[in-house]
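# Structure at a glance
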Amino acid sequence: MAGPGTLRLLYFAWLRERLGTAEEVVALPEGVATVGDLLIWLCSRSPAHAEAFSAAFRVRCAVNQEFAAPDAPVAAGDEVAFFPPVTGG
Amino acid sequence: MAGPGTLRLLYFAWLRERLGTAEEVVALPEGVATVGDLLIWLCSRSPAHAEAFSAAFRVRCAVNQEFAAPDAPVAAGDEVAFFPPVTGG
Amino acid sequence: MATIRVQQADFDIGAELAAVSAGRTDIGGIGCFVGTVRGDGGDRAIAAMLLEHYPGMTERAMARIAAQAEQRWALLGCTLIHRVGRLTPGETIVCVLAAAAHRQAALDATAFLIDWLKTRAPFWKKEIFTDGGEVWVEAHATDEDSAARWDENTP
Amino acid sequence: MATIRVQQADFDIGAELAAVSAGRTDIGGIGCFVGTVRGDGGDRAIAAMLLEHYPGMTERAMARIAAQAEQRWALLGCTLIHRVGRLTPGETIVCVLAAAAHRQAALDATAFLIDWLKTRAPFWKKEIFTDGGEVWVEAHATDEDSAARWDENTP
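Residues numbered from 1 in each chain as written. Chains lettered and ligands numbered in written order. Predicted model: local features only at pLDDT ≥ 70, side-chain atom pairs only at ≥ 80, totals over all residues. Heavy atoms only, no water.

Moving on, we come to empty space enclosed by the protein. All told, the structure shown has 2 cavities of 30 Å³ or more when counted by the stated rule. Put simply, the largest cavity is a space of about 80 Å³. Put simply, the parts of the chain that give the lining of the largest cavity at least two residues each are helix H1 (13-19) of chain A together with strand E8 (123-129) of chain D. Across the lining of the largest cavity, the residue classes break down as 9 nonpolar, 1 polar and 2 charged. Roughly 30 Å³ of volume is contained in the second largest cavity. Around the second largest cavity, the lining residues are Ser 21, Arg 24, Thr 25, Asp 26 and Ile 27 of chain C together with Thr 36, Val 37 and Gly 90 of chain D. By residue class, the composition of the lining of the second largest cavity is 2 nonpolar, 4 polar and 2 charged. (1 Å grid on protein atoms, 1.4 Å probe; cavity = no way out; pocket = protein on both sides within 12 Å on 5 of 7 lines; lining within 4 Å. Points joined across faces, edges and corners; volume = space filled by probe spheres on them. Helix = DSSP H or I, 4+ residues; strand = E, 2+ residues; numbered from the N terminus. Nonpolar A, V, L, I, M, F, W, Y, C, P; charged D, E, K, R; others polar.)

Laid out in structure tokens, this is it:
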């Protein structure tokens, strides 16, 4: 979990490689209440972000280590992870 | 395989126990050309045979170590095995 | 190509798995099923299970079952081991392994191998109870149903 | 109750099978699936597979998958082991075990465990080729289909 008023964002696999970072802590952006809101905000940060998050395969998300749909709520203190569809096994 | 003019008969599991024998060599009975013919002949040998071969579960048969239906041919020299439905594994 | 064994002795499943995949890099998945002796036969405690078989025909039937699986699923490895004689609760009775390039083939072939081994190979089980009684295990219609599904559906 | 492990090191499947059944006489069958690294990625030879995961969430997801299988099939034992890091062709990646009183439950639970592990636990694979190139493995729609069948059909 992140500190007060912030979100901990994690990126995995090719999403991590494209963004050039595995983890960052950001202040909870104004107006962001769901995963979908957060995705829109992330895409607005830079053309590289927009391209990474709209890549051929839909990006998946987990909030506090549970899979989350775009309408899942996010709040300050959450750990939010983005990653490609999983390919283990 | 049995010798000339004879059949080698094998019995397994409870069929072996009921008949009191695991194996015998018999002269090919006259008129016996199929597994079904052989079963009828076997049942005629004694009340114990008749009871064993008509037991609750249908007796299965193999001719020369291949599963065989009642209409499968038997001939002198064959090895014919009778047994209950299999229960391995 | 398949490994077929009928034996009284126990076996080492880890070693069998290693043998199937040794030196190969084309296998993506290995399915495995291990059957063991349970200690309860309804309401009577089981002291031992006696496994009888038909020497000669048994190996022939097992080889045929393995050959069919190898052909249907293009298996890269296949092992069938069945124990015979007196086995006690907790001991292994049977082991089947199927190796393939992809997981679904390995899993389907594993189910096929044990389904057919239970219904198309000449083995018979007798339960020996702790009270001294003994009963031949009866064949289950459900086993025959499980086996028959592989007749109709070719993968 | 289930054994859940995420590790770089290899594992001994025989020992895992023995651990599941140790001291028990209520198990009738154990199903097992072992996934291994293949050496061919289409037309390019694979030098290694790199397995990435999400520490914390991975164990949580695996525990949930195991708990669902234990409940659906009344399992008597369940083991999920997934390796991470750099693995070379022929090495094991993953192993699932499911022990039950009867064979069909063990086999069905085994298929369920690997289907869900492949689609509902946060692991990602990257293929590293002998020519120096590397490619993230893409998710297969067929894997999602295999996993989804367990949503609809309760055993």
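Once the structure has been displayed, the description carries forward.
In this structure, Leu 113 and Leu 117 of chain C together with Leu 113 of chain D are the most contacted members of the largest nonpolar core, which totals 69 residues. The contacts of Leu 113 of chain D, once residues within four sequence positions are left out, are Ile 65, Ala 66, Ala 69, Cys 78, Leu 80, Val 96, Leu 97 and Ala 98 of chain D. (Core = buried A, V, L, I, M, F, W, Y, C linked by side-chain atoms within 4.5 Å. Buried < 20%, exposed > 50% of the residue type's maximum accessible area, 1.4 Å probe, protein only. Contact = heavy atoms within 4.5 Å.)

On to unusual backbone geometry. One non-glycine residue, Ala 13 of chain A, lies in positive phi territory at about 55°. If you trace the backbone, Ala 13 of chain A turns up in helix H1. One non-glycine residue, Ala 74 of chain D, lies in the positive phi region at around 50°. Relative to the helices and strands, Ala 74 of chain D is located in the loop between helix H2 (57-73) and strand E5 (77-83).

Taken in spatial order, the 8 strands line up as E1(C)-E5(C)-E7(C)-E2(C)-E2(D)-E7(D)-E5(D)-E1(D) in an open sheet, and their pairing is mixed. Where the open sheet ends on each side, the last strands, each with one partner, are strand E1 (3-7) of chain C together with strand E1 (3-7) of chain D. Neighbouring strand axes in the sheet, compared pairwise and without regard to direction, differ in orientation by 10° on average. Pairing of E5 of chain D with strand E7 (residues 92-100) of chain D, which is carried by 6 bridges, proceeds in the antiparallel orientation. Note that in E7 of chain D the partner of Cys 78 of chain D across the bridge is Ala 98 of chain D. (Pairing = 2+ DSSP bridges. Axes fitted to C-alpha atoms, helices over the stretch in contact; angles between N-to-C directions.)

Contacts between the two partners involve 21 residues from chain A, matched on the other side by 26 residues from chain D. The three residues of chain A that bury the most area against chain D are Gln 65, Thr 87 and Gly 89 of chain A, which together make up 33% of that side's buried surface. With a closest N to O distance of 3.1 Å, Arg 60 of chain D and Glu 66 of chain A form a salt bridge. The interface formed by chain A and chain D contains 14 residue pairs in polar contact (both at pLDDT 80 or more). Contributions of two or more residues to the side of chain A that touches chain D are made by H1, strand E4 (66-67) and strand E5 (79-83) of chain A. If one sorts the elements of the side of chain A that touches chain D by residue count, H1 of chain A sits on top with 4 residues. Here the residues of the side of chain A that touches chain D sort into 12 nonpolar, 5 polar and 4 charged. (Buried area = accessible area lost by both parts, 1.4 Å probe. Salt bridge = Lys/Arg side-chain N within 4 Å of Asp/Glu carboxyl O. Polar contact = N/O pair within 3.5 Å; in protein donor to acceptor, adjacent residues only side chain to side chain.)

Turning our eyes to something else, we now look at the packing of helix H3 (residues 103-120) of chain C against helix H3 (residues 103-120) of chain D. Contact pair H3 of chain C / H3 of chain D: the axes reach a minimum separation of 11 Å and the direction vectors enclose 180°. In terms of orientation, H3 of chain C and H3 of chain D fall into the roughly antiparallel class. Along the contact surface, H3 of chain C presents Arg 103, Leu 107, Thr 110, Ala 111, Ile 114, Asp 115 and Lys 118 of chain C, while H3 of chain D presents Arg 103, Leu 107, Thr 110, Ala 111, Ile 114, Asp 115 and Lys 118 of chain D. (Parallel < 35°, antiparallel > 145°, perpendicular 65-115°, else oblique.)

Before going further, it helps to examine the sheet that holds strand E3 (residues 60-63) of chain B. Residue and element names in this part refer to chain B. Reading across the sheet, the 5 strands line up as E2-E1-E5-E3-E4 and stay open at both edges, with mixed pairing between neighbours. Edge strands, defined here as strands with exactly one partner in the open sheet, are strand E2 (23-27) and strand E4 (66-67). As paired elements, strand E1 (residues 6-11) and strand E5 (residues 79-83) share 4 bridges and run parallel to each other. Looking at E5, one finds that Arg 8 is bridged to Glu 79.

Right, let's get into the arrangement of the chains. Counting contacts across all 3 pairs of chains that touch, the top pair turns out to be chains C and D. Nothing in chain A touches chain C; the tightest C-alpha to C-alpha distance between them is still 10 Å.

The buried fraction of strand E2 (residues 29-36) of chain D amounts to 8 of the 8 residues, a majority that puts the element mostly inside the structure. A two-sided burial pattern is seen for E2 of chain D, the buried positions comprising Gly 29, Gly 31, Phe 33 and Gly 35 of chain D on one face and Ile 30, Cys 32, Val 34 and Thr 36 of chain D on the other. Here strand E2 (residues 29-36) of chain C pairs with E2 of chain D via 7 bridges, running antiparallel. By the bridge assignment for E2 of chain D, Gly 31 of chain C is matched with Phe 33 of chain D. Inspection of the sheet shows E2 of chain D paired to E7 of chain D by 8 bridges, in the antiparallel sense. Residue pairing in the sheet places Cys 32 of chain D in a bridge with Leu 97 of chain D of E7 of chain D.

This part is about the layout of surface pockets. If you roll a probe as big as a water molecule over the atoms, it shows you where there is empty space left. Its boundaries defined by the atoms lining it, the largest pocket holds a volume of some 730 Å³. Surrounding the largest pocket, 34 residues form its lining, His 102 of chain C together with Arg 38, Lys 118, Lys 125 and His 140 of chain D being those nearest its centre. Mapped by element, the contributors of at least two residues to the lining of the largest pocket are H3 of chain C together with E2, strand E3 (40-41), strand E4 (44-53), E8, strand E9 (134-136) and helix H4 (141-152) of chain D. Looking at the lining of the largest pocket residue by residue, the class counts come to 12 nonpolar, 14 polar and 8 charged. Lining the second largest pocket are 28 residues, with Arg 38, Lys 118, Lys 125 and His 140 of chain C together with His 102 of chain D sitting closest to its centre. For the lining of the second largest pocket, the elements supplying multiple residues, two or more each, are E2, strand E4 (44-53), strand E8 (123-129) and helix H4 (141-152) of chain C together with H3 of chain D.

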